[in-house]
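If you want the building blocks of each chain, they are given just below.
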Amino acid sequence: MTVPTAAVRSHALALPATELPAYVYDLAALREHAASVRHALPENVELYYAAKANPEPEILAALAPYVDGYEVSSGGELAHVGKAVPGRPLAFGGPGKTLAEITAALEQGVARFHVESAYELRVLAELSARRASHSPIGVLLRFNLPLSDGSLAGSSLAMGGLPSPFGVDPSEADEVVGLLGGGAYPQLELRGVHAHLASGLEAAEQVAVAESVVTWSDALAARHRTPLAEVNVGGGMNVDYASAERRFDWAAYGAGLARLAAAHPGLTLRIEPGRALTAYCGWYVTDVLDVKHSHGREFAVVRGGTHHLRTPATKGHDQPCTVLPVDSWPHPWPRPTARQNEITLTGQLCTPKDLLARDVPAPGLRAGDRVAFGLAGAYAWNISHHDFLMHPRPGFHFLDGARN
Ligand SMILES: *Cc1c(COP(=O)(O)O)cnc(C)c1O
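Residues numbered from 1 in each chain as written. Predicted model: local features only at pLDDT ≥ 70, side-chain atom pairs only at ≥ 80, totals over all residues. Heavy atoms only, no water.

Time to look at the site of the ligand. In the neighbourhood of the ligand, 13 residues make up the surrounding shell, with Lys52, Gly236, Glu272, Arg275 and Tyr379 lying closest. Residue Lys52 places a side-chain N or O atom 2.8 Å away from an oxygen atom belonging to the ligand. Gly236 is positioned with one of its backbone polar atoms (N or O) 2.8 Å from an oxygen atom of the ligand. Within the complex, 90% of the 390 Å² of free accessible area of the ligand lies under protein. When the residues that make up the shell around the ligand are grouped by side-chain class, the tally is three nonpolar, five polar and five charged. (Near = heavy atom within 4 Å. Polar contact = N/O pair within 3.5 Å; in protein donor to acceptor, adjacent residues only side chain to side chain. Areas by Shrake-Rupley, 256 points an atom, 1.4 Å probe, with all protein chains shown as cover. Nonpolar A, V, L, I, M, F, W, Y, C, P; charged D, E, K, R; others polar.)

Structure below.
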């Protein structure tokens, strides 16, 4: 169970049924949350927002006062974010950058390139040498570091140190850093290290990851007698879909980063969360079309489905939701009504995978009642397969505390 904010609730009930489903974003709640995250972090820790979590321009703009920049992972995101929040620092990451994307990023003057391979470094050096300007390009080398300190033994989501297409293998670290330090690429300036090693970690685990990344980076820099200016320890702060009211412990994480920063004076630490910043501000609101019994269980089919909100299908969870009862029933025919206490909510797609939430306690749920699915502000609409079955797209509503 997760309870929508008052603004979302009243908007969700005021929309005509013909305008459902709808994504409703509470920008005031987003601002409040982002401010509290920023407040929990030490001043010298930079906060970038990973745009892939939710790149809606209104979301990017609402975050602007609280973040130091944005992490983009494609030419599309680069152009889009550059337009939505002009002039803000961008870090350009992602594997498989094309020549056109790197060229666009150079033209746009991105603040940091997160370089994913020795080959990409070579290409970046060539393309940056062709510019009219000779100002150096700031590079963070992304490494796929092992998380060997045992602190993550319990985390099934740790991906660092496993074979992956992301980042440079640590066995090649000295060779790649040697190229930069040896003057092979004078147009590139090695600023430090980037690592995004796990997702779904709690604060203590995230602190342990940050410590191991900084320790490893420090040793690398020392071996090459090069100063270590920046370490970006990535995102992946946990969002708990099973208990939606529980949030990542930003205060504990901030305190851990403060200890780490104090032990490494002169080092700029940077984080780039996506999900844990925007998940909470978004709601997918719809209504129940039909209620039916099937082999002893009950199902409510809602307007829309996982083609709009793919998160429960990709994560394999039940999307937290709240029923918003609607008492009026305008039709002459009887209203389908649940008889059991627990009802499984599915969408309109012709596939058994279109499951939004199983066994939701919703006794008496009726056709025409509304349902607000929470934690739909990140990896929701923008990861969904919108065109499958050709249902209409949802509406998008950005509630701004000042304007409601
Ligand atoms: C996806 C991604 C993030 C954000 O991850 P969240 O789990 O949304 O916090 C940060 N950095 C990189 C490199 C990513 O690929």
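What follows covers the nonpolar core. In this structure, Tyr70, Phe113, Tyr253 and Ile271 are the most contacted members of the largest nonpolar core, which totals 107 residues. With eight residues, helix H8 (residues 203-223) is the single largest residue contributor to this core. Shared between two domains, this core holds at least three residues of each, these being domain 1 (12-21 + 280-403) and domain 2 (89-273). In this structure Phe113 touches Phe92, Ile102, Ala105, Leu106, Leu124, Ile137, Gly138, Val139 and Leu140, once residues within four positions along its chain are discounted. (Core = buried A, V, L, I, M, F, W, Y, C linked by side-chain atoms within 4.5 Å. Buried < 20%, exposed > 50% of the residue type's maximum accessible area, 1.4 Å probe, protein only. Helix = DSSP H or I, 4+ residues; strand = E, 2+ residues; numbered from the N terminus. Domains from an automatic or database assignment. Contact = heavy atoms within 4.5 Å.)

In this model, helix H9 (residues 250-263) (14 residues) spans 20 Å end to end at C-alpha, consistent with the 20 Å of a helix rising 1.5 Å per residue. Along H9, the positions that sit buried rather than exposed are Trp250, Tyr253, Gly254, Gly256, Leu257, Leu260 and Ala261. Taken end-on, H9 shows its buried residues confined to a sector of 160°, consistent with a single buried face. Turned more than 90 degrees away from the buried face of H9 sit Ala251, Arg259, Ala262 and Ala263, all of them exposed. Considering only its buried residues, H9 is in contact with helix H2 (27-40), strand E2 (45-50), H8, strand E9 (268-271) and helix H10 (275-278). (Expected span 1.5 Å × (residues − 1). Arc of directions from axis to C-beta.)

With that settled, the discussion passes to the pattern of salt bridges. Taken as a whole and judged by the stated rule, the model has 20 salt bridges. In this structure, Asp400 engages Arg31 in a salt bridge whose closest nitrogen and oxygen atoms are separated by 3.2 Å. Of this pair, Asp400 sits in the segment after strand E16 (395-399) while Arg31 is found in helix H2, placing the two residues 369 residues apart along the sequence. Look at Asp400 and you get buried, because its relative accessible area is 13%. The closest approach of N and O atoms between Arg366 and Asp327, which form a salt bridge, is 3.2 Å. Linking Arg366 in the loop between strand E14 (355-361) and strand E15 (370-373) with Asp327 in the loop between strand E12 (321-324) and strand E13 (342-346), this pair joins segments that are 39 residues apart in sequence. Relative accessible area serves as the criterion here: at 18%, Arg366 is assigned to the buried category. (Salt bridge = Lys/Arg side-chain N within 4 Å of Asp/Glu carboxyl O.)

For interface size, the figure often reported is the accessible area lost on association. We note that the domain assignment places domain 1 (12-21 + 280-403) and domain 2 (89-273) within the protein chain. Here domain 1 and domain 2 have C-alpha centroids that lie 39 Å from each other. In this complex, domain 1 contributes nine residues to the contact, which on the side of domain 2 involves eight residues. Of the roughly 650 Å² buried between domain 1 and domain 2, counting both surfaces, carbon and sulfur atoms make up 67%. Connecting domain 1 to domain 2 are zero salt bridges. Our enumeration of links across domain 1 and domain 2 arrives at zero residue pairs in polar contact (both at pLDDT 80 or more). For the side of domain 1 that touches domain 2, the class distribution of residues is four nonpolar, three polar and two charged. (Buried area = accessible area lost by both parts, 1.4 Å probe.)

With an omega dihedral of -5°, the bond running from Leu20 to Pro21 counts as a cis peptide bond. On the secondary structure map, Pro21 appears in the loop between helix H1 (6-14) and strand E1 (22-26). A positive phi is found at Tyr379, a non-glycine position, where the angle reads about 50°. Mapped onto the fold, Tyr379 is located in the loop between E15 and E16. On the basis of relative accessibility, which here comes to 15%, the residue Tyr379 falls in the buried class.

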